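# Structure assessment
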Amino acid sequence: MTHNLERELRALWHESRPTMSDEEIDIFFDEIFDATATATVTDGQHLLAAGQWQEHKMTFVGQPISVGLVSGLVVDPNLNPAERSAHLADVLRQLHAQQYARGIMCSIVIPADAAQRQWLESQGYMTSTHQLSAETKLPDDFQPDGRIQVSEATEWGRELWIFYAQHGGLHDFEFRLSESDFFAMIARHDLRGGHVLVARRHGKIVGLALALREGKPLKSGKRSEKQYRMNFRYVLAADSNVLYTMVYHALTLAPDSKQFVMTGGCPAKGFKGAEPHAMMRVVDAQKFLRFVAERLPGLQLSVGINSDVDLPVNNAGYRLRDGHMYVSDDLGGSIVPPGGIPAMLLSGQPVQVPMG
């Protein structure tokens, strides 16, 4: 059954994502695909739509919560728009029910494009995190540290995962990668022509960076084919000296890159160039808000949900006072979709979501 589902899913991926290479599709099925966490819609004979989710941890004010990452949403492109939307909505409904049964607090999706972001909004999700590529310069007095050796990795052994598992995902607000997602992130980066840089000091890994030479963004939204920059799409370093040494090495790999930027999470407002990234919605509103009340006892909040079609149990009013969460039929306060609560609490934070 699993092999039949994977075969049908691969065929649907090829049909619905014609611009995606075989290598990109292989990354999903080799690293991420899980038949036991997949939802499907069929007409009795043919697969029409599918998607899956994985349980992850995300730090919220430094403490981990359980979130469900939805990925691999695909639908038969031969259907009309209304049918495609209805079938994908059915897939999400199944995934949300699975997540609720597993005690997941929130669901998270990284949209493939603006059209999918707009559709997800119609399903109750809201943009909760933003990211920014900010220019960074080496200190004027920087000198390469001879004790730190930086090399470009062409094979990704488990020692990279161990380094991430020990040192990554520790910000106050950060989505923590699973081992499969970690290697999928590196594989996608390599497929795009990126550099996988590993820093060692006395033979021990002290830094990892995914650096990409890319055209500088133009006002048109396209990228320049004449001016380039080096972008650290992800970086994890033991200290600033390791970071700057990796930057120095990265710039030597692309002499035509006159600018260096780092991409990471940022608040939604106050940062020019910030772009919407991950979208979220509550899965178990009571469980999540009870956790929030305990972590932020000074937070005063009155909010209601009345449009959760997938999980009607969330339709209620919620008040947070003095470290406690109260539920009532009186919606009161602000009425928001299921995604409104995570967006309200996270959009002002520099949430790190190292994917996509």
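Going by the structure above, here's the rest.
Please read these numbers as outputs of a predicted model, since none were measured by experiment.

## Remarks on the sheet that holds strand β15 (residues 301–305)
Backbone-to-backbone hydrogen bonds join strands into a sheet, with any given pair of strands oriented parallel or antiparallel. Pairing within the open sheet is mixed, and its 4 strands lie in the order β17-β16-β15-β18. Edge positions in the sheet fall to β17 (324–328) and β18 (334–335), since each of these pairs with one other strand and no more. Pairing between β15 and strand β16 (residues 316–321): 5 bridges, direction antiparallel. In the sheet register, Gly 304 faces β16, and the bridge partner there is Gly 317.

## Here's the deal with helix α7 (residues 240–253)
Here α7 contains 14 residues, and its C-alpha end-to-end distance of 20 Å stays within 8% of the 20 Å for a straight helix at 1.5 Å per residue. Buried-residue contacts for α7 involve β7 (148–152), β9 (195–201), β10 (204–217), β11 (223–237) and β12 (257–266).

## Structural notes on the pattern of salt bridges
Under the definition given, this model contains 15 salt bridges. Arg 10 is the salt-bridge partner of Glu 6, the closest N and O atoms lying 3.4 Å from each other. You can see Glu 6 and its partner Arg 10 sitting in helix α1 (residues 2–16), 4 residues apart, about one turn around the helix. On the basis of relative accessible area, Glu 6 is assigned to the partly exposed category, the value being 21%. Residue Asp 26 is joined to Arg 10 by a salt bridge in which the shortest nitrogen-to-oxygen separation is 2.9 Å. Taken together, the residues span a long stretch of sequence, with Asp 26 in helix α2 (residues 22–32) and Arg 10 in helix α1 at a distance of 16 residues. Counted as one network, the salt bridges with shared partners bring together Glu 6, Arg 10, Asp 26 and Asp 30.

## Comments concerning the state of the cysteines
Counted by the stated rule, this structure contains 0 disulfides. Left without a disulfide partner, Cys 106 is nearest to the cysteine sulfur of Cys 266, which lies 20 Å away.

## Here we look at helix α6 (residues 179–191)
The end-to-end C-alpha separation of α6 is 18 Å, in line with the 18 Å expected for 13 residues at 1.5 Å each. Counting buried positions over the 13 residues of α6 gives 10, a clear majority of the element. The complete set of buried residues in α6 reads Ser 180, Asp 181, Phe 182, Phe 183, Ala 184, Met 185, Ile 186, Ala 187, Arg 188 and His 189. Directly after α6, the chain includes Gly 193, whose backbone phi takes a positive value near 90 degrees.

## Quick word on the packing of helix α5 (residues 158–167) against α6
Following both chains from N to C, one finds α5 and α6 inclined at 115 degrees, their axes separated by 11 Å at the closest point. Here α5 and α6 pass one another in a crossing that is right-handed. Each of Arg 158, Leu 160, Trp 161 and Tyr 164 in α5 lies in contact with α6, whose residues at this interface are Glu 179, Phe 182, Phe 183 and Ile 186. A breakdown of the residues in the contact of α5 with α6 according to their chemical character gives 6 nonpolar, no polar and 2 charged.

## Some points on the nonpolar core
Judged by nonpolar contacts, the single largest core of 50 residues is most densely connected at Phe 60, Phe 182, Phe 288 and Ile 341. With sequence-adjacent residues up to four places away left out, Phe 288 is seen in contact with Phe 60, Ile 65, Met 105, Cys 106, Val 282, Ile 341 and Leu 345. Among the nonpolar cores identified, the runner-up in size contains 23 residues, and Val 41, Leu 48, Val 75 and Met 279 belong to it.

## Section: the packing of aromatic side chains
Applying the stated rule across the entire model yields 16 aromatic pairs. Geometrically, the ring pair formed by Phe 60 and Phe 173 is edge-to-face, given 5.3 Å between the ring centres and 80 degrees between the ring planes. Remark: Phe 173 occurs in strand β8 (residues 173–176) and Phe 60 occurs in strand β2 (residues 47–60); sequence separation between them is 113 residues. Looking at Phe 60, the relative accessible area reads 2%, which means it is buried. Above the ring of Trp 13, the side-chain terminus of Arg 17 is found at 4.2 Å from the ring centroid. Here Arg 213 stacks its cationic end above the ring of Tyr 228, 3.7 Å away from the centre of that ring.

## Description of the sheet that holds strand β6 (residues 130–135)
What the 7 strands build is an open sheet, ordered β7-β9-β10-β11-β12-β6-β13; its pairing is mixed. The open sheet has two edge strands, β7 and β13 (275–276), and neither has a second partner. On the sheet, α5 packs against β9, β10 and β11 and is oriented at approximately 95 degrees with respect to β10. Running at roughly 40 degrees to β10, α6 makes contact with β9, β10 and β11 of the sheet.

## Section: the pairing of β15
Of all 5 residues in β15, 4 are buried, a share of seventy percent or more. Where β15 meets β18, 2 bridges bridge the pair, whose relative direction is parallel. When the sheet's bridge partners are listed, Gly 304 is paired in β18 with Ile 335.

## Let's talk about the pairing of β17
Note: β16 against β17, 5 bridges, orientation antiparallel. Paired with Arg 321 across the bridge in β17 is His 324. The turn linking β16 back onto β17 is made up of 2 residues, and Asp 322 within it adopts a positive phi angle of 50 degrees.

## Details of the environment of Trp 156
Relative to the assigned elements, Trp 156 resides in the loop between β7 and α5. According to the relative accessible area criterion, Trp 156 is partly exposed, its value standing at 26%. Setting aside anything within four residues of it in sequence, one finds Trp 156 in contact with Phe 183, Ile 186, Ala 187, Asp 190 and Val 196.

Parameters and conventions
- Residues numbered from 1 in each chain as written.
- Predicted model: local features only at pLDDT ≥ 70, side-chain atom pairs only at ≥ 80, totals over all residues.
- Heavy atoms only, no water.
- Pairing = 2+ DSSP bridges.
- Helix = DSSP H or I, 4+ residues; strand = E, 2+ residues; numbered from the N terminus.
- Expected span 1.5 Å × (residues − 1).
- Contact = heavy atoms within 4.5 Å.
- Salt bridge = Lys/Arg side-chain N within 4 Å of Asp/Glu carboxyl O.
- Buried < 20%, exposed > 50% of the residue type's maximum accessible area, 1.4 Å probe, protein only.
- Disulfide = S-S within 2.5 Å.
- Axes fitted to C-alpha atoms, helices over the stretch in contact; angles between N-to-C directions.
- Left-handed = near helix turned anticlockwise from the far one by under 90°.
- Nonpolar A, V, L, I, M, F, W, Y, C, P; charged D, E, K, R; others polar.
- Core = buried A, V, L, I, M, F, W, Y, C linked by side-chain atoms within 4.5 Å.
- Phe/Tyr/Trp six-rings, centres within 6.5 Å; stacked < 30°, edge-to-face > 60°.
- Lys NZ or Arg CZ within 6 Å of the ring centre and 35° of its normal.

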